[in-house]
Every structure is written in structure tokens, then in C-alpha cells.
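Here is what each chain is made of, one letter per residue.
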Amino acid sequence: MTKVEAIAKVLVDNGGIATWPVIYNQIEKYYPNVRAQKEWKAGVRGVLYRELEKQFKMIDIGVIALIDYQENNLLLDEHKELGDTTRTILGKIRVGQDKFRTELLKHLKICPITGIDEKMILSAGHIKPWALSTNFERLDIYNGFIFSPTIDKLFDKGLITFENNKELIISKSLSLKNIDIIGIQGGRKYQKLPIENRLQYLDFHRNNIFILE
């Protein structure tokens, strides 16, 4: 099986759509030696980019789909309308994400890793990505964390994740220098992390979003 075929299989397994971390974590099932290659993630991206508008398309930043994927699948039921353009769809997704952030900030008011509590800069991120979630999961406040921007980006990109006991796990892709600059500690238990009712989402994140190396 070629890399192109392996990427396509991963997308099919996820309903025709996936984020980069999901592809990285699941492609090995169909292309077993992918990690043996130097700069293997760049190799996967290169293969996919060459097939854009042929077999694949970019729905949003970091979100890849099969060419025949219907973007309306990303919308909440009450926001679906026939004839929506991709730009309109992305705008409606932002509306849904803003609603999610507003509700999440009512329950979580501080970044449990940095202690930052300035609402204007805090980010509301999904644990299981919007593109891979059901409509219920997209608005479920337990499918989210409030983090400061840097921590949110690390979590979203799969460079950090957490055990069920609140212990931080850091990807080997992140250099020791940057880990020190950011000020996070692998193996530390961040006791303020609100994991209640979030364990199923965390399990998904560890297995499908987190990039071990």
C-alpha cells in the first residue's frame, strides 16, 4: 500500500476527515514502516500536499478531508443550509465554537497549567477536535479545557496530553530547550486540571491526537 492509499484509509476510518495528529497516529496501521524514515511527518505532509485537489482537500487549517467530503457535515444541525459555500460553512463553525467558548468560560475561569485568569487571552479548546466530534460533543463543555494560548496550541497540536491522574505527558517532538522556556514539567500532576467527566475525551486525545515522537 502506498502512502497516499494509507492516508486515504485513515480518512475513511474517520468519516472522510482528519486532523494532522490523527493521520500521524493512525497511518502506521496501513503503512507500518512510516516512522522508520527520517523526518517521516514531513514526508507524510509532502505526499498529501501533492494530492491536494486530486484525492484530498484542506477544509481548514490542519483539517484534511477526502475530495468528495461534504463540509456541511461539520455544521451543527440548526446551522445547516443547502448551498452554503466553504467560507460560509467555516463562518458558521466559528459561531458554534464561540458558543462553546462562552459556555466553557462559565465553568472554567483559569488555565490550570499557568494560572493565567485573564479571560481576554484564555483559549477554549476541544479535547476531541470539532471535525471529529458529533454535534453533541461539539457543544459538550466536558469536551474542552480552558488554557493560556501557548498551552492550548501545544495540546491542540498533540505535543502534550494528560494521564487520567492529571499527570502531564510531553511529546518527544518538543525540544528540551523549548520545554524549559515554556516552563512545563513532564510527569508533574497539575492538580487544578478539571478532568471530571472528561476521561473519555482524554482517552481519545492520548490515543489519536498526542504525538509520541
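Small disclaimer: the values here were computed from a predicted structure and weren't measured.

Draft legend 1. Here's a closer look at the side chain of lysine 166. As for its placement among the helices and strands, lysine 166 is situated in the loop between β6 (160-162) and β7 (168-170). In this structure, lysine 166 is buried with no salt-bridge partner, the nearest side chain bearing the opposite charge being glutamate 196 at 4.2 Å. Leave out the neighbours within four places in its chain, and lysine 166 touches Arg188, Lys189, Tyr190, Gln191, Leu193, Ile195 and Glu196.

Draft legend 2. Region of interest: the environment of glutamate 71. Note on placement: glutamate 71 falls in the loop between β3 (63-66) and α4 (86-107). Looking at glutamate 71, the relative accessible area reads 14%, which means it is buried. Taking C-alpha positions, glutamate 71 is 37 Å from glycine 186, a pair spaced 115 residues apart along the chain. Within the local environment of glutamate 71, its side chain forms a polar contact with the side chain of lysine 57, the two groups lying 3.4 Å apart.

Draft legend 3. Highlighting the packing of aromatic side chains. Inspection of the entire model under this criterion finds nine aromatic pairs. Ring geometry for tyrosine 24 versus tryptophan 40: centroids 5.7 Å apart, planes at 80°, classification edge-to-face. Here tyrosine 24 is found in helix α2 (residues 20-26), whereas its partner tryptophan 40 is found in helix α3 (residues 40-50), with 16 residues between them in sequence. Taken as a pair, tyrosine 24 and tryptophan 40 share a single burial class, namely buried. Between phenylalanine 145 and phenylalanine 162, the aromatic rings sit 6.3 Å apart at their centres with planes inclined by 70°, giving edge-to-face as the arrangement. Taken together, the residues span a long stretch of sequence, with phenylalanine 145 in strand β5 (residues 144-147) and phenylalanine 162 in strand β6 at a distance of 17 residues. Taken as a pair, phenylalanine 145 and phenylalanine 162 share a single burial class, namely buried. Ring-pair connections join several aromatic residues into one group, and the members of that group are Trp20, Tyr24, Trp40 and Tyr49.

Parameters at a glance
Residues numbered from 1 in each chain as written. Predicted model: local features only at pLDDT ≥ 70, side-chain atom pairs only at ≥ 80, totals over all residues. Heavy atoms only, no water. Helix = DSSP H or I, 4+ residues; strand = E, 2+ residues; numbered from the N terminus. Buried < 20%, exposed > 50% of the residue type's maximum accessible area, 1.4 Å probe, protein only. Lys, Arg positive; Asp, Glu negative; His and termini not counted. Salt bridge = Lys/Arg side-chain N within 4 Å of Asp/Glu carboxyl O. Contact = heavy atoms within 4.5 Å. Polar contact = N/O pair within 3.5 Å; in protein donor to acceptor, adjacent residues only side chain to side chain. Phe/Tyr/Trp six-rings, centres within 6.5 Å; stacked < 30°, edge-to-face > 60°.

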